[in-house]
Amino acid sequence: MVVPAQRRAALGEVFAAALRERDPATSECEVTEAREGGDDHPEIPSKERLISLGCAIQNMLLCAHADGFGSGLVSGQAFQTVGMRQLLALRDNERAVCFVAAGTAQRRKPVRPRPSPEDFVTQL
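Please read all numbers here as calculations on a predicted model, not as lab measurements. (Residues numbered from 1 in each chain as written. Predicted model: local features only at pLDDT ≥ 70, side-chain atom pairs only at ≥ 80, totals over all residues. Heavy atoms only, no water.)

Overview of a nonpolar patch on the surface
Our working rule: Exposure above 30% relative accessible area and the lack of any salt bridge qualify a residue for a patch; like charges then connect within 9 Å, and the nonpolar side chains Val, Leu, Ile, Met, Phe, Trp and Tyr within 5 Å. In these tables, accessible area is a Shrake-Rupley quantity obtained with a 1.4 Å probe, and a residue counts as shielded only by the protein chains included in the view. Salt bridge, as applied in this entry: a Lys or Arg side-chain nitrogen positioned within 4 Å of an Asp or Glu carboxyl oxygen. Relative accessibility thresholds used throughout: buried, under 20% of the residue-type maximum; exposed, over 50%; partly exposed, between the two (1.4 Å probe, protein chains only).
A grouping of Val74, Leu87, Leu88 and Phe99 is seen on the molecular surface, where their side chains present a nonpolar patch of about 370 Å² in accessible area. Given the relative accessible area of 43%, Val74 is considered partly exposed.

As structure tokens, then:
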């Protein structure tokens with residue numbers, strides 16, 4: 001669901017009301033934090049947003065697998081093309097990262113060789 005900017009204050013109010021409903025003794029500070037949950041926070045660095053996105057995607061993949069579905073990511077250089085950006089109506093400050101594919105697997109992929117952690121992990 002997309003929550004447009006003009007509806008985020010209403011979403012924040014619902015978050016605050018839901019917190020009060022669950023915990024009538026909640027502090028005003030906690031209510032304020034819940035209310036701010038409807039806002040976009042541009043001060044969060046893009047690296048942190050990308051890490052959060054990766055965590056969310058991983059959770060989606062794990063949920064699909066836990067429910068017996070196959071899932072995976074589809075990405076590639078097509079995401080960087082003008083045509084894809086136009087198709088997805090991306091603004092200049094937005095970028096596509098991947099598609100999440102989930103469904104009934106028709107076949108298993110062969111296991112790929114994995115590098116040894118010693119090949120890429122260093123110690124201080």
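Here the narrative resumes, following the displayed structure.
What to know about a positive patch on the surface
Defined as follows: Charge convention: Lys and Arg are scored as positive, Asp and Glu as negative, and His as well as the terminal groups of each chain are ignored. Each charge is placed at NZ for Lys, CZ for Arg, CG for Asp and CD for Glu. Secondary structure counts use DSSP, requiring at least four H or I residues in a row for a helix and at least two E residues in a row for a strand, with both numbered from the N terminus.
Together, Arg107, Lys109, Arg112 and Arg114 give the surface a local cluster of positive charge. Tracing the chain through its elements places Arg107 in the segment after strand E2 (99-103).

Topic: the layout of surface pockets
Convention followed: Computed over the protein atoms alone on a 1 Å grid, cavities are sets of points where a 1.4 Å probe fits but cannot get out and pockets are open sets with protein on both sides within 12 Å along at least five of seven lines; a residue lines them when it has an atom within 4 Å of a point. Grid points are joined across faces, edges and corners, and a volume is the space filled by probe spheres set on the points.
Quantified by volume, the largest pocket comes out at close to 920 Å³. In terms of lining residues, the largest pocket is bounded by 26 residues, among which Asp40, Arg49, Asn93, Glu94 and Arg95 are the most central. It is helix H3 (residues 46-66) that contributes the most residues to the lining of the largest pocket, seven residues altogether. Estimates place the volume of the second largest pocket at around 690 Å³. What lines the second largest pocket is a set of 19 residues, among which His65, Ser71, Gly72, Arg107 and Lys109 lie closest to the centre. For the lining of the second largest pocket, the elements supplying multiple residues, two or more each, are strand E1 (70-74) and E2.

Focus: the state of the cysteines
Going by this rule: Cysteine sulfur atoms that come within 2.5 Å of each other are treated as a disulfide pair.
Applying the stated rule across the entire model yields zero disulfides. The thiol of Cys63 is not disulfide-bonded; the next cysteine sulfur, from Cys55, is found 13 Å away.

Things to note about the packing of helix H1 (residues 8-22) against helix H2 (residues 28-36)
Two quantities define a packed helix pair, namely the angle between the helix axes and the distance between the axes. Condition: Here an angle of 0 to 180 degrees is reported between the N-to-C directions of two axes, which are lines fitted to C-alpha atoms, with helices fitted over the stretch in contact. In a left-handed crossing the near helix is turned counterclockwise from the far helix by less than a right angle, and in a right-handed crossing that turn is clockwise. By definition in these notes, contact holds between two residues if any of their heavy atoms fall within 4.5 Å.
Axis separation between H1 and H2 bottoms out at 7 Å; the angle between their running directions is 145°. Where H1 crosses over H2, the handedness of that crossing is right-handed. Across the interface between the two elements, Gly12, Glu13, Phe15, Ala16, Leu19 and Arg20 from H1 touch Glu28, Glu30, Val31, Ala34 and Arg35 from H2.

Quick look at the pattern of salt bridges
Throughout the structure, instances matching the rule amount to three salt bridges. A salt bridge links Glu13 to Arg35; its shortest N-O distance comes to 2.8 Å. Of the two residues, Glu13 sits in helix H1 while Arg35 sits in helix H2, which places them 22 residues apart along the sequence. Between Glu94 and Arg91 there is a salt bridge, and its shortest N-O distance comes to 3.3 Å. On the accessibility criterion, Arg91 (57% relative accessible area) is exposed.

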